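If you want the building blocks of each chain, they are given just below.
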Amino acid sequence: MSKVWDWGYAWEAFPLLAEASIITVKATLMGFVVALTVGLLFAIGRMAGPMWLRWTVGGVVEFIRSTPLLIQIFFLYYVMPEFGLTMSAMVTGVIALGLHYGAYCSEVYRAGLANVPKGQWEASIALNLSTWSTFKNVILPQAIPPVVPALGNYLVALFKETPLLSVIAVLELMQTAKILGSETFRYVEPITLVGAFFLVFSLVSAALIRRLERHLNASPGRRI
Amino acid sequence: MRSTHSATLVVAILCFGAGLWVTGFSSLRDFLPELLRGVIVTVQVTAGGAVVAVVAAFGAALARLYGPKPLRWFASTYVEVFRGTSALVQLFWLFFVLPHFGLTLSPLVVGIAALGLNIGAYGAEVVRGAIGSVGRGQWEAATALNLTRAQALRCIILPQAFVAMIPPWGNLFIELLKATSLVSLITLSDLAFKAQQINQNTLRTAEVFASVLLIYLALSLLITVAMRALEARAARGLRRGRVG
Amino acid sequence: MNEHAPDNETNTVIAEPPLVHFEKVTKCYGPLTVLDQLDLAVAAHEKVAIIGPSGSGKTTVLRMLMTLETIDSGLISIDGEPLTHMPQGDKLVRANAAHLKRMRGHIGMVFQHFNLFPHMTALKNCMEAPQTVLGMSKGEAHARASDLLAQVGLADKLDHYPSQLSGGQQQRVAIARALAMRPKVMLFDEVTSALDPELCGEVLAVIRSLGQEHQLTMLMVTHQMGFAREFADRVCFFHAGRIEEQGPARALFENPQNERTQQFLRAVMDAV
């Protein structure tokens, strides 16, 4: 008996959702920063550390990649307080996202690092460069640009998984939509708007990443 | 495919198993039966979703490659929409919104459909890529022997593409397994739901969630092993053999 | 051996209607003209070797005959019937897919890189098309395939996969596979170029014996000058999309008239 789509309601819901989208974006960006950092640490640990470190980090990365993000969020949210670490839902969510996607990013970094020819390391040794400055000035500048598109894809993926934070009551888009829906018993408009928002963002960023990829591949001096 | 990773996987499982054993393996016995009931649902959703995903992926890929324009457009829209929105949004949309259109499905069906279509959209790209990876020479040989395109696809191209697509599909099936945890949010009593439930009842949070993570890990490993075996069987003739 | 008297133009005058006839065929890739008003006629049972520098259009000739490429202008006919075009009323229009498929059955091709189906045994490779395209029963196809594989000397390798065969063996399977479709014309596109030198002999021997035994009409693009010289009936020297010179094999190799031919042959012989 009720309309399938109520434009009036959709219009009302919009500002609330827009506000929530800011939280979503914040969570995404913070989570991604954590992911980039953690990922790099994982990658370096796996490639350059002592044997025991490699195996441990490898095990941790595989563990994170093979288990659902949802459970990891719950784990951090419920278990961390038992170890004395009580954090807000937002912080927990960001850390969970960061660790999860850090594991994925570490694989991307590893591929990028592996693609730098051995000769680069050898030349640096011959020039007596320290390991740290070799890494910073020679290796990373060559390793990172080719994998930026892959990292970009994970940024988009991370963004699309922020709705999972709704299960620990972070007031991002999905949580807001659910609250709106439960108040008015009309879920169609909020959830569709949320879906549309993600879709638009996803398509736009996919196009941007393709542009970035072309730009990176075209810059002289990178490809031999 | 994560070729070197089953070793690290095994190590990880052993460590966690050891950790659990140390913290009181006996407690696992208390809620293991409940958890296993959840595992059954998880496996159901994964298996059903896998079937939907494969069918959708092949349908969309072939439609995009060889279909008439409207079909191609439809397939492309499906792929873009389901890849552009997250599984949770799709799940919630199907669960909350479909009833408004008069279609009330059980949570199990919604879960299988939403997740299957989600993974299927990614699978469509895998299938397309695998078909494209078969060398042009194979198509030319098929043409030279006067096979139609359909015959060439069926007998020559797809069998070779099939082998190439097994590793990426393995990864997608693991993603599917992980995504099934989301159905706990639409009231389906899967493993994730049981974990929440038992946690709320017993408050033995660390043990419950650690066990659950371990079970998911074991299921992932199962998928990896199964796909590896499938690949080995399918690649029988295609392996770089000894040159006689 | 066919007697024919070539004149100095690119047209060859032959006694009976040609089995394969290229008439003023032109093919361009963008600004690049690969074939330039090509006239070429091949008689039934004739063995024609096509030689020339790379980029001269040699392979394109074969690929167009095999309908792997389209022509821009001109006409190709097989046994009097147009291949690239089809009659509509009393005009000729571009051939549609059905016509091409029908005509394609008259041509067989062996590729430089074999293009065997890696997921099938040698036997299955040779059975596939007869069963699927010609509708042969499994028994018939099996008999034909094993017979042909025996003729190319691989009777004991029927159940081997391509990855288990040497390059020379794989190419022989490819030849058997093409012959299984009983084409009127066999095309060989540099079939020994991808082989280690010591494996070329077995492939050339098979071509020679099958060609003679089955009285096949053959077009071969080849760099094997020795083979072309003693096996081919006629040799065409291609340059820049045109036939610079053609004639009986022995005559062309021993006494090339055209300067470019002389240059090319000198360069090739020096390299041996």
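Residues numbered from 1 in each chain as written. Chains lettered and ligands numbered in written order. Predicted model: local features only at pLDDT ≥ 70, side-chain atom pairs only at ≥ 80, totals over all residues.

Enquirer: Sorry if this is basic, but what is going on with the overall build of chain B here?
Expert: Helix and strand counts for chain B come out as 9 helices and 0 strands. Along chain B, helices and strands appear, N-terminal first, in the series α-α-α-α-α-α-α-α-α. Sorting the 244 residues of chain B into buried and exposed places 46% on the buried side. Of all intrachain contacts in chain B linking residues separated by at least 6 positions in sequence, the fraction that spans at least 24 positions is 79%. (Helix = DSSP H or I, 4+ residues; strand = E, 2+ residues; numbered from the N terminus. Buried ≥ 20, exposed ≤ 12 C-beta atoms within 10 Å, placed from the backbone. Contact = placed C-beta atoms within 7 Å.)

Enquirer: For this particular structure, what's the right way to read the overall build of chain C?
Expert: Tallying secondary structure elements over chain C gives 9 helices and 14 strands in all. Scaling as 2.2 N^0.38, a compact globule of 272 residues should have a C-alpha radius of gyration of about 19 Å, and chain C matches this with 19 Å. For the C-alpha atoms alone, the extent of chain C along its principal axes is close to 55 × 50 × 40 Å. A total of 272 residues make up chain C; the buried ones form 47% of that total. Considering only intrachain contacts with a sequence separation of at least 6, the fraction spanning at least 24 residues in chain C is 64%. (Rg over C-alpha atoms; globule rule 2.2 N^0.38 Å.)

Enquirer: Whenever I open this one, the interface of chain C and chain B confuses me. Can you help?
Expert: Much of the literature gives interface size as the accessible area that the parts lose upon coming together. Contact residues are listed per partner, giving 26 residues for chain C and 22 residues for chain B. For the side of chain C that touches chain B, the secondary structure elements donating two or more residues are helix H2 (97-104), strand S10 (107-110) and helix H3 (122-132) of chain C. Ranked by residue count, the leading element in the side of chain C that touches chain B is H3 of chain C, at 3 residues. Grouping the constituent residues of the side of chain C that touches chain B by class yields 13 nonpolar, 10 polar and 3 charged. (Nonpolar A, V, L, I, M, F, W, Y, C, P; charged D, E, K, R; others polar.)

Enquirer: What is the right way to read the nonpolar core from this model?
Expert: When a protein is soluble and globular, its nonpolar side chains tend to lie buried together. Ile 71 of chain A, Phe 209 and Val 212 of chain B together with Ile 50, Leu 149 and Leu 187 of chain C are the most contacted members of the largest nonpolar core, which totals 208 residues. Sorting elements by how many residues they give to this core places helix H7 (residues 149-179) of chain B first, with 15 residues. Counting residues domain by domain, this core receives three or more from each of domain 1 (13-106 + 183-271) and domain 2 (117-182) of chain C. Not counting the four nearest positions on each side in its chain, Leu 187 of chain C is found in contact with Leu 62, Leu 65, Met 66, Ile 107, Gly 108, Met 109 and Leu 219 of chain C. (Core = buried A, V, L, I, M, F, W, Y, C linked by C-beta atoms within 7 Å. Domains from an automatic or database assignment.)

Enquirer: Sorry, what's going on with helix H5 (residues 107-133) of chain B here?
Expert: Since there are 3.6 residues in each turn of an α-helix, residues three or four apart along the chain are aligned in direction. Here H5 of chain B is 27 residues long and its end C-alpha atoms lie 38 Å apart, about the 39 Å a rise of 1.5 Å per residue gives. In the structure, H5 of chain B departs most strongly from a straight axis at Ala 121 of chain B, where the bend amounts to approximately 30°. (Expected span 1.5 Å × (residues − 1). Bend = angle between axes of the 7 residues up to and from the residue.)

Enquirer: Would you mind showing me how to read the packing of helix H1 (residues 7-48) of chain A against helix H7 (residues 173-184) of chain A here?
Expert: For any two helices packed against each other, one specifies the inter-axial angle together with the distance between the axes. All names here are of chain A. Between H1 and H7, the shortest axis-to-axis distance is 8 Å and the interhelical angle comes to 150°. Here H1 lies roughly antiparallel to H7, going by the angle between them. Across the interface between the two elements, Ala 13, Leu 16, Leu 17, Ala 20, Ser 21 and Thr 24 of H1 pack against Leu 173, Thr 176, Ala 177 and Leu 180 of H7. For the contact of H1 with H7, the residue count by class is 7 nonpolar, 3 polar and no charged. (Axes fitted to C-alpha atoms, helices over the stretch in contact; angles between N-to-C directions. Parallel < 35°, antiparallel > 145°, perpendicular 65-115°, else oblique.)

Enquirer: Whenever I open this one, the interface of chain A and chain B confuses me. Can you help?
Expert: Across the contact, 33 residues belong to chain A and 36 residues belong to chain B. Of all elements in the fold, only helix H2 (51-66), helix H3 (69-79), helix H6 (131-161), H7 and helix H8 (188-218) of chain A reach the threshold of two or more residues within the side of chain A that touches chain B. Top contributing element to the side of chain A that touches chain B by residue count: H8 of chain A, with 9 residues. Looking at the side of chain A that touches chain B residue by residue, the class counts come to 21 nonpolar, 8 polar and 4 charged.

Enquirer: Help me understand the environment of Ile 78 of chain C in this model?
Expert: Residues and elements named next belong to chain C. Relative to the assigned elements, Ile 78 resides in strand S6 (residues 73-78). Its 22 C-beta neighbours within 10 Å are what place Ile 78 among the buried residues. With 25 residues separating them along the chain, Ile 78 and Met 103 place their C-alpha atoms 7.9 Å apart. Every residue in contact with Ile 78, bar those within four places of it in the chain, is listed here: Leu 19, Val 20, Leu 83, Met 103, His 106 and Lys 184.

Enquirer: Explanation requested: the pairing of strand S5 (residues 47-51) of chain C in the structure shown.
Expert: Two faces belong to every sheet, and in a regular strand the side chains alternate between them. All names here are of chain C. Burial within S5 is extensive, with 5 of its 5 residues counted as buried. Burial along S5 is two-sided: Lys 47, Ala 49 and Ile 51 facing one way and Val 48 and Ile 50 facing the other are all buried. Inspection of the sheet shows S5 paired to strand S13 (residues 234-239) by 4 bridges, in the parallel sense. Residue pairing across strands places Ile 50 opposite Cys 236, the latter belonging to S13. (Pairing = 2+ DSSP bridges.)

Enquirer: So what exactly am I meant to see when it comes to the pairing of strand S9 (residues 91-94) of chain C here?
Expert: All names here are of chain C. Relative to S9, strand S8 (residues 85-88) is paired through 4 bridges, and the arrangement is antiparallel. Looking across to S9, one finds that Met 86 is bridged to Val 93. Linking S8 to S9, which pair antiparallel, is a turn of 2 residues; within it Gly 89 sits at a positive phi near 70°.

Enquirer: Can you walk me through the sheet that holds S6 of chain C in this structure?
Expert: Strand-to-strand pairing in sheets goes through backbone hydrogen bonds, with the strands running parallel or antiparallel. All names here are of chain C. Strands sit in the order S4-S3-S6-S7 across an open sheet of 4 strands; the sheet is antiparallel. Looking at strand neighbours, the two that pair on one side only are strand S4 (32-42) and strand S7 (81-82), the edges of this open sheet. Two strands pair when backbone bridges link them, and strand S3 (residues 20-29) and S4 are joined in this way by 7 bridges, in the antiparallel orientation. Its bridge partner being in S4, Tyr 29 is matched across the sheet by Leu 32.

Enquirer: Is there a simple way to explain the domain arrangement of chain C in this structure?
Expert: Residues and elements named next belong to chain C. Each domain of chain C was delimited in the assignment, giving domain 1 (13-106 + 183-271) and domain 2 (117-182). Placing the centre of domain 1 and that of domain 2 at their C-alpha centroids yields a distance of 25 Å. At the interface, 12 residues of domain 1 touch 13 residues of domain 2. A per-element tally of the side of domain 1 that touches domain 2 places helix H6 (residues 197-213) first, with 5 residues.

Enquirer: Before we go on, may I ask you to explain the confidence of the model for chain B in this structure?
Expert: In regions of low pLDDT, the predicted coordinates are not meant to be interpreted in detail. The share of residues in chain B with pLDDT of 70 or more is 86%, and the mean pLDDT across the chain is 86. The low-confidence segment residues 240-244 of chain B, where pLDDT is below 50, has 9 contacts with residues more than four positions distant or belonging to other chains. (pLDDT = per-residue confidence, 0-100.)

Enquirer: Help me understand the sheet that holds strand S12 (residues 217-221) of chain C, please; the structure alone is not making it clear to me.
Expert: All names here are of chain C. In spatial order, the strands read S10-S11-S12-S5-S13-S14; together these 6 strands make up an open sheet with mixed pairing. The outermost strands of the open sheet, each flanked by one partner alone, are S10 and strand S14 (242-248). Strand-to-strand, the axes of this sheet are offset by a mean angle of 20°, without reference to chain direction. Pairing of strand S11 (residues 185-189) with S12, which is carried by 5 bridges, proceeds in the parallel orientation. Bridge pairing in S12 links Asp 189 to Val 221.

Enquirer: So what exactly am I meant to see when it comes to the environment of Ser 181 of chain B here?
Expert: The topology assignment puts Ser 181 of chain B in the loop between H7 and helix H8 (191-202). Its 27 C-beta neighbours within 10 Å are what place Ser 181 of chain B among the buried residues. A sequence separation of 13 residues divides Ser 181 of chain B from Lys 194 of chain B, and the C-alpha atoms of the two residues are 10 Å apart. What Ser 181 of chain B contacts, discounting residues up to four positions off in sequence, is Pro 68, Leu 70 and Ile 71 of chain A together with Asp 190 and Ala 192 of chain B.

Enquirer: Help me understand the arrangement of the chains, please; the structure alone is not making it clear to me.
Expert: Ranked by contact count, the leading pair among the 2 pairs of chains in contact consists of chains A and B. One thing to see here is that chain A and chain C don't touch, and their nearest C-alpha atoms sit 25 Å from each other.

Enquirer: What exactly am I supposed to notice about the confidence of the model for chain C here?
Expert: Residue and element names in this part refer to chain C. Summing up the model confidence of chain C, the mean pLDDT is 89 and the portion of residues at 70 or higher is 94%. Predicted confidence in chain C is weakest over strand S1 (residues 5-6), with a mean pLDDT of 46, and strongest over helix H4 (residues 138-151), with 96. Note that residues 1-9 has pLDDT below 50 and, in this model, 14 contacts with residues that lie over four places away or in other chains. The ipTM, which scores confidence in the relative placement of chains, is 0.80 for this predicted complex, and the corresponding pTM is 0.78.

Enquirer: Explain the environment of Asp 159 of chain C to me, please; I cannot follow it from the model alone.
Expert: Residue and element names in this part refer to chain C. Inspection of the secondary structure assignment puts Asp 159 in the loop between H4 and helix H5 (167-179). When the C-alpha positions of Asp 159 and Ala 122 are compared, they lie 6.1 Å apart, and in sequence the two are 37 residues distant. In this structure Asp 159 touches Thr 121 and Leu 123, once residues within four positions along its chain are discounted.

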